[in-house]
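Residue-level listing of the chains:
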Amino acid sequence: MLSLTGLPLQIIASAFAIVVFAATMWLWPKFGGKGWKSWLGRIGAFLATQLSVLAAMGLIANSYFGFYSSWTDLLGTSGGLGTVVDHQPNASGVSVTGEQKFYSAQGSEPDRSGLIQKVDVKGAGSGLSTEAYVYLPPQYFQPGFAKQRFPMAVVLTGYPGTPEKLISLMQYPASTLDAIEQKKLPPTILVMTRPTLVGDRDTECVDVPNGPQVETFFTSDLPKALATTYRIGTDPANRAVIGNSTGGYCALKFALRKPDSYPAAVALSGYYSAAHDPTTGDLFGGNDKLKQENDLLWRLKNQPAAPVSLLLTTAYDENNYDETKAMVAAFKAPTKMSTITLDTAGHNFHTWTREIPPALEWLGKHLTMPAATA
């Protein structure tokens with residue numbers, strides 16, 4: 001069966017819609033009578049044209065935004081009830097479940113273009129786990145860097161989102177390789193994942209009272225687990241986090257609430273307080289103080305300034321423009337604040353791909369390359 005998000009199905013659906021439209025135009029004069037057969041012909045042709053066009057547009061939009069990842073996901077037939085897995089205390093780690101070469105102008109060998117590995121990450125403190133893609137830069141495989149540890153950048157999608165889109169649509173590995181080759185970014189390991197860890201619930205990366213400890217997973221469990229599997233530096237200065245939309249809010253929150261986790265954070269079209277809607281539920285258990293502490297603008301105004309570096313992106317016509325200006329007006333040293341402001345932009349992948357290259361260059365100034373071991 002053709003993949004729901006694959007290009008072949010989109011081409012077939014688009015071609016079918018064009019054929020149906022052309023056939024409708026060709027046959028329309030034959031449906032010009034007043035009898036019931038003519039009426040049925042017109043109605044049938046109209047519905048066929050509308051449905052084929054909507055199906056093609058839906059497939060393209062789904063592939064672009066990543067609403068449904070498979071046919072079973074779309075149809076709600078992706079299996080029965082979940083299986084309870086009991087974990088032992090301090091059980092954590094990273095399991096590599098797949099591997100793919102990264103193709104670039106330099107070729108496809110790991111020591112020339114890097115390698116992408118699919119992994120499962122399990123957290124000891126939170127008990128949570130997630131699927132991720134790890135991009136290892138070419139230097140990771142080169143003899144001259146055999147004793148070298150590398151900085152790490154965690155890359156987060158929005159909600160909903162799939163980490164595959166960080167590779168295919170947002171082109172993080174390609175942009176990272178370009179930045180490394182241009183000496184704008186030190187050789188950096190990317191960990192690409194989504195902030196959604198518990199079913200389809202949007203937790204806004206909150207440690208939910210009596211619920212999933214998502215912030216703990218990302219700020220403590222994930223860095224520790226990755227550093228035990230890959231040659232990643234253990235100093236906080238070797239880590240950064242970048243995300244779009246919900247992922248951007250999470251990135252900033254990690255830095256401001258837990259400065260020792262990620263001292264540098266980038267928010268692409270991010271927002272600055274946790275959402276409260278049917279996808280989130282009550283994240284704070286009625287605790288107004290906890291809700292306030294997760295409001296980033298409130299933190300900048302009322303909490304001691306954190307020694308972190310933040311990059312916010314917006315546009316003059318983007319929804320977060322006024323709030324971004326308020327964030328810039330509120331920060332105090334030793335917090336460092338930078339912005340990217342586009343003339344016009346939407347809340348979409350096209351906008352973020354325009355912002356990723358300068359954001360990576362900014363990260364290059366705030367990530368420290370670990371010292372090589374003897």
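Residues numbered from 1 in each chain as written. Predicted model: local features only at pLDDT ≥ 70, side-chain atom pairs only at ≥ 80, totals over all residues. Heavy atoms only, no water.

1. Notes on the sheet that holds strand S2 (residues 115-122)
Here is step 1 of the chain: The strand order across the open sheet built from nine strands is S1-S2-S3-S5-S4-S6-S7-S8-S9, with neighbouring strands paired in mixed fashion. In this open sheet, the two edge strands, each paired with only one partner strand, are strand S1 (93-101) and strand S9 (336-342). Averaged over all pairs of adjacent strands, the angle between strand axes in this sheet comes to 20 degrees, irrespective of strand direction.
Here is step 2 of the chain: Across the sheet, helix H8 (residues 246-257) is in contact with strand S4 (152-156), strand S6 (239-244), strand S7 (264-268) and strand S8 (309-315); its angle to S6 comes to roughly 150 degrees. (Pairing = 2+ DSSP bridges. Helix = DSSP H or I, 4+ residues; strand = E, 2+ residues; numbered from the N terminus. Axes fitted to C-alpha atoms, helices over the stretch in contact; angles between N-to-C directions. Contact = heavy atoms within 4.5 Å.)

2. Focus: the nonpolar core
Among soluble globular proteins, nonpolar side chains are generally buried collectively.
Here is step 1 of the chain: Within the largest apolar cluster, 52 residues are counted, with the highest numbers of intra-cluster contacts made by Leu226 and Tyr230.
Here is step 2 of the chain: The residues touching Leu226, leaving out its near neighbours within four places in the chain, are Val94, Val121, Val134, Met152, Val191 and Ile232.
Here is step 3 of the chain: In this structure, Ala315, Ala359, Trp362 and Leu363 belong to the second largest nonpolar core, which totals 34 residues. (Core = buried A, V, L, I, M, F, W, Y, C linked by side-chain atoms within 4.5 Å. Buried < 20%, exposed > 50% of the residue type's maximum accessible area, 1.4 Å probe, protein only.)

3. A look at the packing of helix H6 (residues 172-181) against helix H12 (residues 349-364)
Here is step 1 of the chain: Contact geometry of H6 with H12 gives a least axis separation of 10 Å together with a crossing angle of 45 degrees. It follows from the interaxial angle that H6 and H12 lie oblique. As H6 runs across H12, the sense of the crossing is right-handed. Contact residues: H6 offers Tyr172, Ser175, Thr176 and Ala179, while H12 offers Ile356, Pro357 and Leu360.
Here is step 2 of the chain: Broken down by class, the residue content of the contact of H6 with H12 amounts to five nonpolar, two polar and no charged. (Parallel < 35°, antiparallel > 145°, perpendicular 65-115°, else oblique. Left-handed = near helix turned anticlockwise from the far one by under 90°. Nonpolar A, V, L, I, M, F, W, Y, C, P; charged D, E, K, R; others polar.)

4. Focus: unusual backbone geometry
Here is step 1 of the chain: The omega angle of the peptide bond from Tyr159 to Pro160 is -10 degrees, so this bond is cis rather than trans.
Here is step 2 of the chain: Here the residue pair Ala333 and Pro334 is connected by a cis peptide bond, since its omega of 10 degrees sits within 30 degrees of zero.
Here is step 3 of the chain: Along the chain, Pro334 turns up in the loop between helix H11 (321-330) and S9.
Here is step 4 of the chain: You will see that Cys205, though not glycine, has its phi angle at about 55 degrees, which is positive.
Here is step 5 of the chain: Phi angles above zero are rare outside glycine, and Ser269 is one such case at about 55 degrees.
Here is step 6 of the chain: Within the secondary structure, Ser269 is located in the loop between S7 and helix H9 (288-293).

5. Here's the deal with a nonpolar patch on the surface
Here is step 1 of the chain: Among the surface-exposed residues, Trp39, Ile43, Phe46, Leu47 and Leu51 lie close enough to one another that they form a single nonpolar patch of about 550 Å² accessible area.
Here is step 2 of the chain: Mapped onto the secondary structure, Ile43 falls in helix H2 (residues 36-65).
Here is step 3 of the chain: Its relative accessible area of 44% is what places Ile43 among the partly exposed residues. (Patch = residues over 30% accessible without salt bridge, like charges linked within 9 Å, V, L, I, M, F, W, Y side chains within 5 Å. Areas by Shrake-Rupley, 256 points an atom, 1.4 Å probe, with all protein chains shown as cover. Salt bridge = Lys/Arg side-chain N within 4 Å of Asp/Glu carboxyl O.)

6. Re H8
For the α-helix, the turn length of 3.6 residues means that residues three or four positions removed from each other point alike.
Here is step 1 of the chain: Its 12 residues give H8 an end-to-end C-alpha distance of 16 Å, which sits within 8% of 16 Å, the value for a rise of 1.5 Å per residue.
Here is step 2 of the chain: Burial of H8 is extensive: 11 of the 12 residues sit out of reach of the surface.
Here is step 3 of the chain: All of the buried residues in H8 are Thr246, Gly247, Gly248, Tyr249, Cys250, Ala251, Leu252, Lys253, Phe254, Ala255 and Leu256.
Here is step 4 of the chain: Buried residues in H8 make contact with S4, helix H7 (214-229), S6, S7, helix H10 (296-302) and S8. (Expected span 1.5 Å × (residues − 1).)

7. Looking at the confidence of the model for the chain
Here is step 1 of the chain: Taken over all residues, the pLDDT of the chain has a mean of 87, while the share at 70 or more is 90%.
Here is step 2 of the chain: A low-confidence stretch, residues 80-90 stays under pLDDT 50, and its non-local contacts, those more than four residues away or across chains, total one contact. (pLDDT = per-residue confidence, 0-100.)

8. Considerations on the packing of aromatic side chains
Here is step 1 of the chain: Scanning all chains against the criterion turns up 10 aromatic pairs.
Here is step 2 of the chain: With 5.5 Å between their ring centres and 70 degrees between their planes, Tyr140 and Phe141 make a pair best called edge-to-face.
Here is step 3 of the chain: A cation over an aromatic ring shows up here: Arg42 above the ring of Trp39, its NZ or CZ 4.6 Å from the ring centre. (Phe/Tyr/Trp six-rings, centres within 6.5 Å; stacked < 30°, edge-to-face > 60°. Lys NZ or Arg CZ within 6 Å of the ring centre and 35° of its normal.)

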